[in-house]
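# Reading the structure
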Amino acid sequence: GSGVIISPDGYILTNNHVVEGADEIEVTLTDSRRARATVIGTDPDTDLAILKVELDKLPVIVLGNSDQAAVGDRVLAIGNPFGVGQTVTSGIISALGRSQLGINTFENFIQTDAAINPGNSGGALVDVNGNLLGINTAIYSRSGGSMGIGFAIPVSTARLVLDGIVKDGQVTRGWIGVEPNELSPELAETFGVKATEGVIITGVLQDGPAAQAGMRPGDVIVRVDGKAVVNVSELLTAVAALKPGTATPFAVQRGDAMVELKVTPGVRPRPQRGAKR
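This report concerns the structure included in the present document. Please read all numbers here as calculations on a predicted model, not as lab measurements.

Rules used throughout
- Residues numbered from 1 in each chain as written.
- Predicted model: local features only at pLDDT ≥ 70, side-chain atom pairs only at ≥ 80, totals over all residues.
- Heavy atoms only, no water.
- Helix = DSSP H or I, 4+ residues; strand = E, 2+ residues; numbered from the N terminus.
- Contact = heavy atoms within 4.5 Å.
- Lys, Arg positive; Asp, Glu negative; His and termini not counted.
- Charge placed at Lys NZ, Arg CZ, Asp CG, Glu CD.
- Phe/Tyr/Trp six-rings, centres within 6.5 Å; stacked < 30°, edge-to-face > 60°.
- Lys NZ or Arg CZ within 6 Å of the ring centre and 35° of its normal.
- Buried < 20%, exposed > 50% of the residue type's maximum accessible area, 1.4 Å probe, protein only.
- Pairing = 2+ DSSP bridges.
- Polar contact = N/O pair within 3.5 Å; in protein donor to acceptor, adjacent residues only side chain to side chain.
- Core = buried A, V, L, I, M, F, W, Y, C linked by side-chain atoms within 4.5 Å.

### Details of the overall build of the protein
When helices and strands are tallied, the protein shows 5 helices and 20 strands. Across the protein, every contact between residues at least 6 apart in sequence was considered, and the portion connecting residues at least 24 apart equals 57%. Both charge centroids of the protein, one from 23 positive and one from 29 negative side chains, sit 2 Å from each other.

### Concerning the packing of aromatic side chains
The geometry of two aromatic rings is summed up by the distance between their centres and the angle between their planes. What the rule picks out here adds up to 1 aromatic pair. Measuring from centroid to centroid gives 5.8 Å for F109 and F151, while their planes differ by 50 degrees, and the two rings are tilted. Pair noted here: F109 is in strand β9 (residues 109-112) and F151 is in strand β12 (residues 150-154), with a separation of 42 residues, a long-range link. Residue placement shows K52 over the ring face of Y11; its charged tip is 5.4 Å from the ring centre.

### Quick look at the pairing of strand β18 (residues 248-254)
Among the 7 residues that make up β18, 5 are buried, leaving the element largely enclosed by the rest of the structure. Relative to β18, strand β16 (residues 220-224) runs antiparallel, the two being bridged by 4 bridges. Looking at β18, one finds that V224 is bridged to F250. In terms of strand pairing, β18 meets strand β19 (residues 257-263) through 7 bridges, oriented antiparallel. Looking at β19, one finds that Q253 is bridged to M258. Between β18 and β19, which pair antiparallel in sequence order, lie 2 residues; one of them, G255, sits at a positive phi of approximately 65 degrees.

### Here we look at the environment of T89
By secondary structure assignment, the location of T89 is in strand β8 (residues 87-98). Separated by 26 residues in the primary sequence, T89 and A115 place their C-alpha atoms 5.8 Å from one another. If we skip the residues at most four places from it in the chain, T89 touches V75, L76, A77, A114 and A115. Polar contacts involving the side chain of T89 include one to the main-chain carbonyl oxygen of A115, which spans 2.8 Å.

### Some details on the nonpolar core
Ranked by internal contacts, the top residues of the largest apolar core, which has 21 residues, are V4, I6, I61 and L132. Breaking this core down by element, the ones donating at least two residues are β2 (11-15), β5 (48-52), β10 (124-126), β11 (131-139), β12 and α2 (155-168). Among the elements that line this core, the one with the most residues is α2, at 5 residues. Apart from the residues lying within four places of it in its own chain, the contact partners of V4 are Y11, I12, L13, I61, G122, G123, A124, L132 and I135. Core analysis: the next-biggest nonpolar cluster, separate from the first, contains 17 residues, A210, I221, L235 and V252 among them.

### Notes on unusual backbone geometry
In this structure, S32 is a non-glycine residue whose phi angle is positive, near 75 degrees. Looking at the element boundaries, S32 is found in the loop between β3 (25-28) and β4 (34-43). With a phi close to 65 degrees, D207 is a non-glycine residue in the positive phi region. Mapped onto the secondary structure, D207 falls in the loop between β15 (199-204) and α4 (209-212).

Shown next as structure tokens:
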């Protein structure tokens, strides 16, 4: 696996799947220095992990702005594929905001055609100025090697995870206790709702935050805190970004009527180890 040094204190960003279950982690720098790394925290929901090494004079990457990245921008993928040593491949950003790939719970991938191979996981995707845009995470492949479709977690997501883990030891996300589904004509007819867009709720956890706010099965969530949500992935991301304990307005279509509910999110439960995410 690969990793990115993001602070002079020795913090390293990598993928959770690179270090998960490891008894011992050794970091090797390009100047051949080696050090034992400790895991500061992991976030399986985004497949990110923060490590720390005790070394001085570390080369530190500059964090870029993934929100300003555009399709067609040139990018470089840096890592240690197949254990051959540090390798840089080039390409372009071929898509942004890729989700519903079934890789992580929270997905908002940068897609690139820069060659990403086994061992590149956790490595840097950088712009032409060397600023970090993302953490290389996965490839679409039928052969096991690069086929020109690779996925990186944007640095905007990584920054949130880093801040949460370094400050609080964990990432705290909002949770409302509902079972969301994509809105289909069949579901709309079953629940007797006239909505054409939004996310339909087919189940509400008893005594959960949504139930306490009056949400019911058949409600269609149209907006969260003023922002439109059009699919389950967007709803999941919007709710996760909410601050637990702070009441938030949810615009809901119920039958023919629009209703505004004030939902106070709880803390999203940690995924069970080994459970399907």
